[in-house]
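Listed below are the residues making up each chain.
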Amino acid sequence: MQLCHERDLPEGASRGFDPHGIGQDTVLVVRWAGRLHAYADACPHHQTPMAWRKDHYLNAAGDRIVCAAHGALFEIATGRCTLGPCLGESLTPIPLTLQADGSVHLAEKK
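Treat the numbers as computed from the prediction; the structure is a model and nothing was measured.

Can you walk me through the overall build of the protein chain in this structure?
Check the secondary structure of the protein chain and you find 0 helices and 9 strands. Tracing the protein chain from N to C terminus, the helices and strands come up as β-β-β-β-β-β-β-β-β. Expected size for 110 residues packed as a compact globule is a radius of gyration near 13 Å; at 13 Å, the protein chain falls within 12% of this value. Looking at the protein chain residue by residue over its 110 residues, the buried ones come to 40%.

Teacher, can you tell me more about the sheet that holds strand S9 (residues 103-106) here?
What holds strands together in a sheet is hydrogen bonding between their backbones, with the strands either parallel or antiparallel. Spatial strand order, S1-S9-S8: 3 strands in an open sheet with antiparallel pairing. Pairing within the sheet leaves two strands with one partner each, and these edge strands are strand S1 (2-5) and strand S8 (96-98). Here the average twist between neighbouring strands, direction ignored, is 25°. As defined by bridge partners, S8 adjoins S9 across 3 bridges and the pair is classed as antiparallel. Note that in S9 the partner of threonine 97 across the bridge is histidine 105.

Looking at this model, I keep getting lost on the UniProt feature "domain: Rieske" (unreviewed entry) in the protein chain. Mind explaining?
The UniProt record annotates "domain: Rieske" (unreviewed entry) at residues 1-86. For residues 1-86, helix accounts for 0% and strand for 34%, while the C-alpha atoms at its two ends are 30 Å apart.

Hey, could you run me through the nonpolar core in this one?
In this structure, Leu28, Met50, Ile65 and Phe74 are the most contacted members of the largest nonpolar core, which totals 15 residues. Excluding its chain neighbours within four sequence positions, the residues that come into contact with phenylalanine 74 are Cys43, Pro44, Met50, Arg64, Ile65, Cys67, Gly79, Arg80, Cys81, Cys86 and Leu91. Phe17, Val29, Val104 and Leu106 belong to the second-largest nonpolar core, a separate cluster that totals 10 residues.

Looking at this structure, how should I read the pairing of strand S3 (residues 27-32)?
Side chains on a regular strand alternate between the two faces of the sheet. Most of S3 sits inside the fold, with 5 of its 6 residues counted as buried. Two elements, strand S2 (residues 14-17) and S3, share 4 bridges in a ladder whose sense is antiparallel. In the strand pairing of S3, phenylalanine 17 is matched with valine 27. Note: S3 against strand S4 (residues 35-40), 6 bridges, orientation antiparallel. Bridging across to S4, tryptophan 32 finds its partner in arginine 35. Hairpin connection between S3 and S4: a loop of 2 residues separates the two successive antiparallel strands, and alanine 33 in this loop has a positive phi of roughly 55°.

Can you help me understand the sheet that holds strand S6 (residues 73-75) in this one?
The strand order across the open sheet built from 3 strands is S5-S6-S7, with neighbouring strands paired in antiparallel fashion. Edge positions in the sheet fall to strand S5 (64-66) and strand S7 (81-83), since each has one partner strand and no second. The mean angle between the axes of side-by-side strands here comes to 40°, regardless of whether they run parallel or antiparallel. Pairing analysis gives 3 bridges linking S5 to S6, with the strands arranged antiparallel. Within S6, the position partnered with arginine 64 by the bridge is glutamate 75.

Conventions and cut-offs
Residues numbered from 1 in each chain as written. Predicted model: local features only at pLDDT ≥ 70, side-chain atom pairs only at ≥ 80, totals over all residues. Heavy atoms only, no water. Helix = DSSP H or I, 4+ residues; strand = E, 2+ residues; numbered from the N terminus. Rg over C-alpha atoms; globule rule 2.2 N^0.38 Å. Buried < 20%, exposed > 50% of the residue type's maximum accessible area, 1.4 Å probe, protein only. Pairing = 2+ DSSP bridges. Axes fitted to C-alpha atoms, helices over the stretch in contact; angles between N-to-C directions. UniProt positions renumbered as here; feature names shortened; annotations may be inferred. Core = buried A, V, L, I, M, F, W, Y, C linked by side-chain atoms within 4.5 Å. Contact = heavy atoms within 4.5 Å.

Set out below in structure tokens:
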């Protein structure tokens, strides 16, 4: 299932997606250090959505994913919580595939 084109996510950008059309973003994607990192849009503390407003998942410095509900901070590259009520827990990674034409897809389940 296609989410976007890689050019839609410049370095340091984050974006939420609703790939199953349920009316709420369930996947968040961040381009960090030249790579795309995707996670379920749910804080491990109470499974609440992460963004404080549409497509805003990063802290002011742009170097951590932040949970708007609890203030928890997560490493972009690993999804591991480094500060907050879910310290040591991790976001659920979502596998992506990058097609030759630059389109970004959810990886097919096997």
